[in-house]
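Report on the structure
One letter stands for each residue in the lines below.
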Amino acid sequence: MNEKIKIELPNNIQLFIKREDLLHPHISGNKFRKLKYNIQEAIDKEADVLITFGGAFSNHILATAAAGKEYGIRTLGIIRGEEILNTFLDNPTLSLASKMGMQFKFISRSEYDKKSDYDFIEQLKTQYNACYILPEGGTNDLAIKGCEEILDESDSLFEYVCCPVGTGGTISGIINSSSKEQKIIGFSALKGNFLEDVICKFVTKKNWIINNEYHFGGYGKVTDELVSFLNQFYFKTEIPLDPIYTGKMVYGVLDMIQRNEFQANSKILLIHTGGLQGIKGVNKLRLKKGKGILQYL
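My aim in this report is to walk through the structure given alongside it, one point at a time. Keep in mind that what you see is a predicted model, and the values were worked out from it rather than measured.

The final tally for this structure, using the stated rule, is 14 aromatic pairs. Ring geometry for F88 versus F104: centroids 5.2 Å apart, planes at 70°, classification edge-to-face. With a gap of 16 residues between them, F88 in the loop between β4 (74–80) and α3 (92–99) and F104 in strand β5 (residues 103–107) connect regions that are remote in the sequence. A residue is classified by how much of its surface remains accessible, and F88, at 18% relative accessible area, is buried. Look at F104 and you get buried, because its relative accessible area is 17%. Their ring planes at 50° and their centres at 6.1 Å tell us that F187 and Y214 sit as a pair that is tilted. Taken together, the positions of F187 in strand β8 (residues 183–188) and Y214 in the loop between β9 (208–211) and α9 (224–237) put the pair 27 residues apart, joining distant regions of the chain. In this structure Y214 comes out as buried when scored by relative accessible area, which is 11%. Between R80 and the ring centre of Y112, over which it is positioned, the NZ or CZ distance is 5.3 Å. Taking the ring centre of Y37 as reference, the NZ or CZ of K145 above it sits at 4.3 Å.

In structure tokens:
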């Protein structure tokens with residue numbers, strides 16, 4: 001559903017948001033799209049366990065747990081950081097994933113860095129014979145196939161389509177299904193300029209760019225300025241945004257509009273990729289530091 005954002009903008013620009021966060025209570029946003037064909041593939045291969053990777057607040061970990069529960073497949077999350085082994089039930093994301101039946105394996109950060117190595121993956125396949133392994137963040141060819149379904153025919157009227165970028169899978173699907181007249185802008189949640197190389201492995205079109213200016217210090221970084229913006233945005237629009245991905249993108253788009261970086265009279269579509277479950281964790285960490293919190297959800 002494309003929802004028009006009712007805020008006054010210069011140059012007769014119109015802003016809409018595609019509410020992918022409303023697709024499913026727990027498998028929401030781009031995670032729903034990424035898991036769709038992967039789950040079908042796991043079922044077709046008669047896998048008895050889904051194995052994937054993530055940090056303590058990972059949207060992908062929770063979505064995989066929810067998908068496993070919904071489709072009757074066991075799930076195993078390989079979690080970065082041994083230090084939370086005895087306290088993970090205090091973590092909102094892992095606690096809910098556990099209630100959905102996911103089991104966990106906590107490994108050191110140095111071991112976690114090997115998650116894509118051939119030997120590491122082969123060891124998992126030996127230990128869990130009938131397993132289906134999903135990469136961190138869920139991005140693979142089947143995930144991109146699912147993300148190609150984010151845009152539909154009605155979205156062709158937008159000159160610009162903007163989405164947050166983590167592993168590059170979501171924007172790759174959007175680029176593949178976009179029209180050549182559209183400009184696709186990805187807003188990186190991470191520091192660095194490496195995402196272009198990743199995305200180029202999955203796309204052939206040239207109608208896209210990655211903006212690296214609105215990561216607010218890097219992945220998972222949430223500043224007082226960002227929290228204040230998100231609270232004000234919700235007060236004006238009643239649209240909740242997560243502070244790790246979509247919130248940073250919306251901040252960036254509105255700032256670019258004020259800087260006259262979009263053509264006058266243009267229609268811009270923003271992709272809400274979900275991730276709202278992470279708000280509880282962000283608020284918990286900020287409260288410990290005596291900082292202001294997101295005042296919704």
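So much for the structure itself; the text now carries on.
A few words now on the pattern of salt bridges. Enumeration over the complete set of coordinates arrives at 15 salt bridges. R109 is the partner of E83 in a salt bridge, and the nearest nitrogen-oxygen pair spans 2.8 Å. Within this pair, whereas E83 is found in the loop between β4 and α3, its partner R109 is found in helix α4 (residues 109–112), the two being separated by 26 residues in sequence. According to the relative accessible area criterion, E83 is exposed, its value standing at 53%. Two residues, K125 and E122, come together in a salt bridge whose shortest N-O distance is 3.7 Å. Placement of both K125 and E122 in helix α5 (residues 118–127) is noted, with a separation of three residues, approximately one turn of the helix.

About the criteria used
Residues numbered from 1 in each chain as written. Predicted model: local features only at pLDDT ≥ 70, side-chain atom pairs only at ≥ 80, totals over all residues. Heavy atoms only, no water. Phe/Tyr/Trp six-rings, centres within 6.5 Å; stacked < 30°, edge-to-face > 60°. Helix = DSSP H or I, 4+ residues; strand = E, 2+ residues; numbered from the N terminus. Buried < 20%, exposed > 50% of the residue type's maximum accessible area, 1.4 Å probe, protein only. Lys NZ or Arg CZ within 6 Å of the ring centre and 35° of its normal. Salt bridge = Lys/Arg side-chain N within 4 Å of Asp/Glu carboxyl O.

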